[in-house]
Amino acid sequence: MTLVSFVVPAFRVQGYLRECLDSILAQPVADIEVIGVDDCSPDGSGDILAEYADRDDRVTAVRLDRNVGLGPARNIGLDRAVGEYVWFVDGDDWLTADCLVEVAARLRETRPDVLIVDHVRAHWDDTATRSAMAEVFPVPPGPVTFRLAERPETVKLLHTAWNRLVRRQFLADTGLRFAPGWYEDVSFSYPTLLAADRIGVLDLVCVNYRQRRAGAITRTRGERHFDVFEQWHRVFRELDRLGAEDLRPEIFERMMWHYLVVLGNGDRIGPELRPTFFARVAIEHARFRPAEGHRIPGGVAGLKHRLVAAGRWRTFSALRTASRAGETVRRVAGGTRRRVLPPARLGVRRARDAVLRHYQRTERRRPVEENLAVYAAYWYRGYTCNPAAIYEAARRLAPQIRGVWIVRRDRVHTLPEGVEYVVAGTAAYHRTLARARWLINNVNFPDSVRKRPGTVHVQTHHGTPVKVMGLDQQRYPLGAGGMDFAGLLRRVDRWDFSVTSNSFSTQMWERAYPAGYTTLEVGYPRNDRLVTSTAEDVLRLRAEFDAGLGEQVVLYAPTHREHLPRYRPPFDPERFLDALGPAGLLLMRSHYFHDRDRRPPPVARARVLDVSIRPRVEELYLAADVLITDYSSAMFDYAVLDRPIVIYAPDWDAYRLTRGVYLDITAEPPGPVARTFTELLDVFRSGALRSPDAEQARARFRERFCALEDGRAAERVVRRVFLGENPV
């Protein structure tokens, strides 16, 4: 018999759902099932559930044709469960490694109706805070069970569905289910405790309760938070039905605590709704107050209780204002104590930079130029990537828009003829940034750039992520390189649009860069050229490398290792050319981070070319018959051409542990995988490069990552961003 049925509802959690499912399926306990319920989610959550169900028979995917809400979605999963116990895990949370071993042992040992487990709040800044478990139970109860009347302090544990496992037959016998509306956990968790004969507590952190920076209901203002009142009404109806009047004081106290938490949260109840919400709390206090009295907490909390009982909103509001003002004063004072002024420096360069920054601030006070768009790529390295493709499409579709590029002085000579530009760091540069209406970049603009009202920032990114990015890098400090994550989020908050090439990228960017931008999942503009180029274009590009019709051109493009900046994968061009045969040409391209560390070709043979300085990598893709790469996003772009790809990953184990990855490219590759240089040579000597297995792997890869690449991605961005259309 299945021991645990996990019910995972999914709605707008595509960026986190994989981590949730992986954390469950990786548990070393065999007798489990996972029922994923797609609550008609508008993102890719349903597709992720279907993907997992296709490859793991423990997973069942249920797709709803309309949105029913979290509570009813859990009920639908419950109705399909066959396990002895049910664990409702939210799609944006995840389990701790191997926790189910101890959970299963406790379930089998004590057979509780309800088993409560511990959790931590996992914040988006990679910090964690413990729950109240240690405060409620200073001495862990151990492997015993009890009724709520025997340990009433249990009600002080967080009232969520995901921190407890419930015996399925117990739910069927009592008829307890989730109610619709927000705060649905309230009217489920407390009644299960009231009705249970055998409650257990496991003092083990099992759940990482994700505190999302954006998108969480707890950070959404509105009248839906008034649902909390009806949920507590259901709790008291169950209390009366079960004849648990002796527990009314504890339940009442918990209700008041919860109401005051909601009322005090400015992310939930806006100023215009607070008086009404307070009035409802006062009514609830009078309605459910135990006749024999109840415990009033001490300090400020007790004062709030008395003010609610007396209905004194103005005094309550003044107390809240005074408390917040005190917090602000303490925070500012603390910041003042910590501030250390740098020593004065009167260098000419510093003075010049200060003048230019002042100039940019002055320019920001002037009107935005309604038809000015500024473009940049790779920290001003030149005219390239997605911004270049968007620029070219805008010149064709929106000629009224004046496009200006920002480039470094040493890259001006690489600009195509007729492209207007400003040099980074000059007065014209600061003026352009201050006045532009549209700002398009494949990385972030500097911190000095401010988001002006009416301006539009477009983040195009520059690849589909294999390695972890953004906030996820906090878990891999060796690869983070001392990143300023707070500064990163300030830059991300400037984005209005995020351009992605596939659903996978959308999911990863959503969790790596949580903010309020709009995702444009339209394909990558820079890949349009790969789709639209003709056979004549390919022959012309190959001719630039003196590559004949019968010559096999191989492009080797490894990625950068942030944690090992001087590392180069073991690669012997001489031996590789011998394996390639006499009709072969090797193009070697280093990562753009190494553009100031160019080295001569490693061998003097004419059939090896260092192509690192070519600004448009798309031209290299078109010229090449085969791509060799490791963890670079080059594989996703090159796959658009449907040509052979080889993954050469000699340091895969070290890379994924130190840098972190979103995708196991050795398990889901676009072609053959070589873990050593000898294996790489064998791929070319044996014909595995074009074997049926390689063709099938590439087809699966293209279906997942290249479906949107139809040659019109740049057009879709221009029509949405510049013309305000919603192109299909």
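Residues take numbers from 1 onward in each chain, read along the sequence in its written order. Per-residue local features are limited, in this predicted model, to residues with pLDDT of at least 70; the limit for side-chain atom pairs, both in listing and counting, is 80 or more; totals at the level of whole chains, interfaces and linings are taken over all residues. Calculated side-chain values reflect all of the structure's heavy atoms, with hydrogen atoms and water omitted.

J.: It is not clear to me how the pattern of salt bridges should be interpreted in this structure. Could you clarify?
T.: Opposite charge on two side chains makes pairing possible when the charged atoms of those side chains draw close. By definition here, a salt bridge exists when the distance from a side-chain nitrogen of Lys or Arg to a carboxyl oxygen of Asp or Glu is within 4 Å. The tally for this structure, following the rule as stated, stands at 58 salt bridges. For Glu 725, the salt bridge is made with Arg 719, and the minimal N-O distance between the two is 3.3 Å. Three labels apply to residues, based on accessible area from a 1.4 Å probe with only protein chains included: buried if under 20% of the type maximum, exposed if over 50%, partly exposed otherwise in between. Using a relative accessible area of 33% as the deciding quantity, one classes Glu 725 as partly exposed. Classification of Arg 719 as partly exposed rests on a relative accessible area of 22%. Linked through salt bridges whose partners overlap, the residues forming this network are Glu 363, Arg 366, Glu 369, Arg 402, Glu 420 and Arg 435.

J.: Just to check I follow, could you spell out the sheet that holds strand S22 (residues 673–674) for this structure?
T.: Working definition: the strands of a sheet are paired by backbone hydrogen bonds and lie parallel or antiparallel to each other. An order of S19-S18-S17-S20-S21-S22 is seen for the 6 strands of this open sheet, with the pairing classed as parallel. Only two strands of the sheet have a single partner each, and these edge strands are strand S19 (608–610) and S22. Any pair of residues with heavy atoms lying within 4.5 Å of one another is described as a contacting pair. Orientation is described by lines fitted to C-alpha atoms, with helices fitted over the stretch in contact, and by angles between N-to-C directions that extend from 0 to 180 degrees. Runs of E in the DSSP output that reach at least two residues are strands. Runs of H or I that reach at least four are helices, and both are numbered from the N terminus. The sheet strands contacting helix H21 (residues 573–580) are strand S17 (552–556), strand S18 (584–588), S19 and strand S20 (626–629), and the helix crosses S18 at an angle near 145 degrees. The sheet strands contacting helix H25 (residues 677–686) are S17, S20, strand S21 (645–648) and S22, and the helix crosses S21 at an angle near 165 degrees. Note: two strands are recorded as paired if DSSP finds a minimum of 2 bridges between them.

J.: Any chance you could explain the side chain of Asn 444 here in plain terms?
T.: Topologically, Asn 444 is positioned in the loop between strand S13 (436–441) and strand S14 (456–459). Distance and chemistry together define a polar contact, namely a pair of N or O atoms within 3.5 Å, with one atom able to donate a hydrogen and the other to accept it when in protein, and with adjacent residues in sequence counting only for side-chain atoms on both sides. A distance of 2.8 Å separates the side chain of Asn 444 from the side chain of Trp 495, its partner in a polar contact. Setting aside chain neighbours within four positions, we find Asn 444 in contact with Gln 459, Leu 488, Arg 491, Arg 494 and Trp 495.

J.: Any chance you could explain the sheet that holds S14 here in plain terms?
T.: Pairing is parallel across the open sheet formed by 7 strands, whose spatial order is S12-S11-S10-S13-S14-S15-S16. Of all the strands in the sheet, the pair left with one neighbour each is strand S12 (421–423) and strand S16 (518–521). When strand polarity is set aside, the average angle formed by the axes of neighbouring strands in this sheet is 25 degrees. One ladder, built from 3 bridges, connects strand S11 (residues 402–407) with S12; its direction is parallel. Its bridge partner lying in S12, Ile 406 is registered against Val 422.

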